[in-house]
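Observations on the model geometry
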Amino acid sequence: MDAHGGPDAASDDFSLQQKAMDFAMTSLWTTGGIRGRLNDPAKFQARGFNMGFSAQVYQQVGGFFDPNRAEDIEISIRIKDAGFKLELVQEAYVYHKRKNSFQSFVRQGFNFGKNRVNVSRFHPRAIKAIHLLPSLFLLFLLALPFTAILNQGLFRMQILGLGFWGLAVLIHATMKHESLIVGFFALVYSISQLAAYGFGLLSEYLVKVTKG
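Note that this is a predicted model, so its numbers are computed, not measured.

With that out of the way, let us pick up the nonpolar core. If you look at the biggest cluster of nonpolar residues, it comprises 15 residues, and the most contacted ones within it are Ala20, Phe23, Phe105, Trp165, Val169, Ala186 and Tyr189. Where this core is concerned, the elements lending two or more residues are α1 (16–26), α6 (152–177) and α7 (180–211). Other than its neighbours up to four places away in sequence, Val169 contacts Phe23, Trp29, Ala186, Leu187 and Ser190. Ala46, Val57, Ile79 and Phe84 belong to the second largest nonpolar core, which has 11 residues in total.

Bringing the pattern of salt bridges into the picture now. A complete count under the given rule lists 9 salt bridges for this structure. Put simply, Arg69 and Asp66 hold a salt bridge, and the shortest N to O gap is 3.6 Å. For Lys85, the salt bridge is made with Glu87, and the minimal N-O distance between the two is 3.6 Å. Owing to a relative accessible area of 18%, Glu87 belongs among the buried residues under this scheme. When salt bridges with common partners are traced through the structure, they connect Asp8, Asp22, Arg98 and Lys176 into a single cluster.

Next up on the list: unusual backbone geometry. Although it is not a glycine, Ala70 sits at a positive phi angle of roughly 60°. In this structure, Ala70 sits in the loop between α2 (55–61) and α3 (71–81). Located in the positive-phi region is Glu178, a residue other than glycine, with phi close to 55°. Positionally, Glu178 belongs in the loop between α6 and α7. By relative accessible area, Glu178 is classed as exposed at 75%.

Calculation criteria
- Residues numbered from 1 in each chain as written.
- Predicted model: local features only at pLDDT ≥ 70, side-chain atom pairs only at ≥ 80, totals over all residues.
- Heavy atoms only, no water.
- Core = buried A, V, L, I, M, F, W, Y, C linked by side-chain atoms within 4.5 Å.
- Buried < 20%, exposed > 50% of the residue type's maximum accessible area, 1.4 Å probe, protein only.
- Helix = DSSP H or I, 4+ residues; strand = E, 2+ residues; numbered from the N terminus.
- Contact = heavy atoms within 4.5 Å.
- Salt bridge = Lys/Arg side-chain N within 4 Å of Asp/Glu carboxyl O.

Set out below in structure tokens:
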């Protein structure tokens, strides 16, 4: 293996909010498992807090192009394009603390969305269908008041779907961390993270289109 990355996890001694943040960033219900729970390890894009590659890889592809703007994702794509093997090592996880406040976590989600578009400037295929889901989630939330007025039947279906997803997040997070409080925090952070990411991606994409 020429390069590798590992997943992130929450330690037992993390705060309740840190555990909720970790769930929002890694759960199948939120990010689809792309941050370390893939069926095909070869599709993994390593994150800077847990990645490594050989001297040969560095000598051929170089270092980061655009620091602090998803540079880890960009270099992961470049490593694979150069013909090297980069895979996920499930057992090589790290305990990764998130932000210190709800506001900074939401801001990070917004920047993640923007940075995905930034990477697409170097690699047009960087944005895949799964990266559009948070934007669809945001548009779904924004549409709720209008469907409540225009179509009660559709509104009830939307609320039912949102309720099912929210209950799944609440139950899963509660069971994983054995804490109902973490479950409620995880629900709040999951909604906020998805909406912020979606807004960041949409806003940066509009900037990209308008600037050509």
